[in-house]
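# Coordinate inspection notes
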Amino acid sequence: SEAVFGATRTILLRKTASCAACGASGKEPGTASKTCAHCNGSGSVHETRRSFLGTFTKLHMCSTCHGTGQVPETPCRACKGLGVAQGSEEVVITIPAGVSDGEMIKLVGKGEAVSGGLPGDLYIKVHVLTDKRFSRSGYYILTTLDISVTESLLGIEKKLDTLEGMLHVLVPASTASGS
């Protein structure tokens, strides 16, 4: 019924998130930043290697300041200056009506965070459990109404349990099996 009508679920995730203590800045609140000594504030480092073919120069992001050119004077105690830390977060998931088994729900900005960047997206794969009373065929929901031979020959009115409650079904006389 939750797959048909939709639902709301709350899950607890353990993930790398932006540090709440320093606001993802990596520095203790109230302290300043200084120029990175490793890259001299440029945010990138030149790496030169010599080989028998010649000299190769490679430019890559500074691993000390993560490309910002600034490092904290006093690193945050909670995240050790990274701006991200392991934490738990409750995430509310709204499951849309008519969801099928195996569908993915995307929650923008609820994924893992990286140092100096934005949190990614969280993808949730939906698994719809089978039901003893109902089966699904595309957009149709099927169930079985068992009646005796006498009831099929003479006709009968029976109660049938549906996802929306009880329903009175009129089975006409001379109804064939499997109809």
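As shown above, the structure is provided for reference.
Report on the accompanying structure. Note that the coordinates shown come from a computational prediction; the quantities given were computed from them, not determined experimentally. (Residues numbered from 1 in each chain as written. Predicted model: local features only at pLDDT ≥ 70, side-chain atom pairs only at ≥ 80, totals over all residues. Heavy atoms only, no water.)

Looking now at unusual backbone geometry. Leave glycine aside and you will find that most residues have negative phi; peptide bonds, for their part, are mostly trans. Residue Asn40 is not a glycine yet carries a positive backbone phi of 55 degrees. Among the secondary structure elements, Asn40 is positioned in the loop between β2 (33-35) and β3 (44-51). Here Asn40 falls in the exposed class, since its relative accessible area comes to 66%. We note that Lys80 has phi near 60 degrees; this positive angle belongs to a residue other than glycine. The residue Lys80 is located in the loop between β5 (70-72) and β6 (84-95) in this model. Look at Lys80 and you get exposed, because its relative accessible area is 67%. (Helix = DSSP H or I, 4+ residues; strand = E, 2+ residues; numbered from the N terminus. Buried < 20%, exposed > 50% of the residue type's maximum accessible area, 1.4 Å probe, protein only.)

This part takes up the environment of Ala37. The topology assignment puts Ala37 in the loop between β2 and β3. Owing to a relative accessible area of 70%, Ala37 belongs among the exposed residues under this scheme. C-alpha of Ala37 to C-alpha of Val71: the two residues are 34 residues apart in sequence and 8.7 Å apart in space.

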